[in-house]
Amino acid sequence: MANRVRTAVFPVAGLGTRFLPATKAMPKEMLTVVDRPVIQYAVDEAREAGIEHFVFVTGRNKGVIEDHFDRQFELEATLEARGKSEALAELRRDLPRAGQTSFTRQQEPLGLGHAVWCARDIVGREPFALLLPDMIFQSAPGVLKQMMDAYETTGGNVIAVEEVPMENVASYGVVARGEGPDTGFAITGMVEKPKPANAPSNLIISGRYILQPEIFSLLSDATAGAGGEIQITDAMHQLMARQSFTGVKYQGRSFDCGSKIGFLTANVVFALDRPDIADDFMAELKTLTGDIPISIAN
Ligand code: UTP
């Protein structure tokens, strides 16, 4: 049986240059989709999948992420005194339990692979989940849970993938698909940011991974790849020579909140999914768009 995955790593040390000036003093992971910071969606997804230890790789100006996952006694006392029990219950529900969080720093943003490597001593010799919090999903069950279901049978390494138009592959890591169904197929190759003509498929890596700890020694030896950054895809490609990689073409829809369009779209879709505001928000959207019908795919 595959070793249980108990730990998740959240790399949150990037500079978020696409969201300047908003991200000059505030981490992009704290930008809100409706009323929850983007990072909270990824933490909720990990918790749903059975994760018990949440490891954040932070950097300068990211202290507020640590505060977000801490208790705020003054606020809690005020909510209690004002009888705001629902808000209080929500705050408590969102919070990982004492001792379930760890924080380490990536001192320079040398790339995603380097950020993951910074978590090596905290993760130790266990398989771990890696969640890029920029990507959030509308899916049930959550994407990491769908991957855990595959992992129970396959073990090894598991990557969530989705289809994009071929002309867009150059912005992503891309996998080559072998035998097996969408819920768990063999990955036979992968490449970071290929030109469409050289891409092995139009299946891109969607920011969710289950990885074996052997990835860390490969990341130790890694040199900068595409874009001058240490890439996780290059290390995974090397690990493929020794271990299995399974792709899960997940059920659901992704929003790349690291891009303005993805972030704005996520706000619309998640707001329309919220019973407390959906009707009023839809009415506003209709006045903005005239008679253009807005349909939200589930
Ligand atoms: P991105 O490349 O999307 O993040 O990395 P970025 O560099 O912050 O964004 P832009 O392009 O400048 O706007 C995906 C995830 O990896 C983290 C980011 O914080 C983000 O969650 N990351 C990236 C690190 O932790 N360290 C890095 O060196 C690079």
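Cut-offs applied
- Residues numbered from 1 in each chain as written.
- Predicted model: local features only at pLDDT ≥ 70, side-chain atom pairs only at ≥ 80, totals over all residues.
- Heavy atoms only, no water.
- Helix = DSSP H or I, 4+ residues; strand = E, 2+ residues; numbered from the N terminus.
- Buried < 20%, exposed > 50% of the residue type's maximum accessible area, 1.4 Å probe, protein only.
- Polar contact = N/O pair within 3.5 Å; in protein donor to acceptor, adjacent residues only side chain to side chain.
- Near = heavy atom within 4 Å.
- Nonpolar A, V, L, I, M, F, W, Y, C, P; charged D, E, K, R; others polar.
- Salt bridge = Lys/Arg side-chain N within 4 Å of Asp/Glu carboxyl O.
- Expected span 1.5 Å × (residues − 1).
- Contact = heavy atoms within 4.5 Å.
- Axes fitted to C-alpha atoms, helices over the stretch in contact; angles between N-to-C directions.
- Parallel < 35°, antiparallel > 145°, perpendicular 65-115°, else oblique.
- Pairing = 2+ DSSP bridges.

Further remarks concern the environment of Thr78. By the element assignment, Thr78 lies in helix H3 (residues 73-81). For Thr78, a relative accessible area of 31% puts it in the partly exposed group. Measuring from C-alpha to C-alpha, the distance between Thr78 and Leu88 comes to 9.5 Å, with 10 residues separating the pair along the chain. Reaching out from Thr78, the side chain makes a polar contact with the backbone oxygen of Glu74 at a distance of 2.8 Å.

Attention now goes to the site of the ligand. Neighbouring the ligand are 18 residues; Gly14, Gly16, Thr17, Gln106 and Gly111 lie closest to it. Arg18 has a polar backbone atom sitting 2.8 Å from an oxygen atom of the ligand. In the model, an oxygen atom of the ligand is placed 3.1 Å from a nitrogen or oxygen of the Asp134 side chain. Of the residues that constitute the shell around the ligand, the class distribution is nine nonpolar, five polar and four charged.

Tallied over the full model, the rule gives 20 salt bridges. Measuring nitrogen to oxygen at the nearest pair gives 2.9 Å for the salt bridge that ties Glu192 to Lys193. Accessibility expressed as a relative area gives 14% for Glu192, which makes it buried. What makes Lys193 partly exposed here is its relative accessible area of 41%. With its nearest N and O atoms 2.9 Å apart, the salt bridge here joins Asp276 to Arg274. Asp276 sits in the exposed class, given a relative accessible area of 51%. Three or more residues joined by partner-sharing salt bridges are found here, namely Arg36, Asp44, Arg47, Glu90, Arg93 and Asp94.

This paragraph deals with helix H11 (residues 278-289). Between its terminal C-alpha atoms H11 stretches 16 Å, which fits the 16 Å expected from 12 residues at 1.5 Å a residue. Looking one or two residues past H11, Gly290 carries a phi angle of roughly 65°, positive in sign.

A word on the side chain of Thr58. Among the structural elements, Thr58 can be located in strand E4 (residues 53-58). Overall, the relative accessible area of 5% leaves Thr58 in the buried class. Setting aside anything within four residues of it in sequence, one finds Thr58 in contact with Val12, Ala13, Phe103, Thr104, Arg105 and Gln106.

Okay, helix H7 (residues 143-154) next. Relative to the 16 Å expected for 12 residues at 1.5 Å per residue, H7 spans 16 Å between its end C-alpha atoms, a close match to the ideal helical length. At its buried positions, H7 is contacted by helix H1 (38-48), strand E6 (128-131), strand E7 (135-138), strand E8 (157-163), strand E11 (203-211) and strand E12 (245-249). Positive phi appears at Gly155, one or two residues downstream of H7, with a value of about 60°.

A separate point is the packing of H3 against helix H4 (residues 85-94). For any two helices packed against each other, one specifies the crossing angle of their axes together with the interaxial distance. Packing of H3 against H4 brings their axes to within 8 Å, and their N-to-C directions diverge by 150°. The angle between H3 and H4 places the two elements in the roughly antiparallel class. Mapping the contact onto sequence places Leu75, Glu76, Leu79 and Glu80 in H3 and Ala87, Leu88, Leu91 and Arg92 in H4. The class makeup of the residues in the contact of H3 with H4 is five nonpolar, no polar and three charged.

Moving on: the packing of helix H10 (residues 260-272) against H11. Interaxial distance between H10 and H11 falls to 8 Å at its minimum, and their mutual angle equals 130°. Accordingly, the angle class assigned to the pair H10 and H11 is oblique. In contact with Val268, Ala271 and Leu272 of H10, H11 contributes Ala278, Phe281, Met282 and Leu285.

Within strand E1 (residues 7-11), five of the five residues are buried, which leaves the element mostly enclosed by the surrounding structure. Burial of E1 is two-sided: the residues Thr7, Val9 and Pro11 facing one way and the residues Ala8 and Phe10 facing the other way are all buried. Pairing of E1 with E4 involves five bridges; the strand directions are parallel. Pairing of Phe10 across the sheet is with Phe56, part of E4. Pairing of E1 with E6 involves three bridges; the strand directions are parallel. Bridged to Ala8 within E6 is Ala129.

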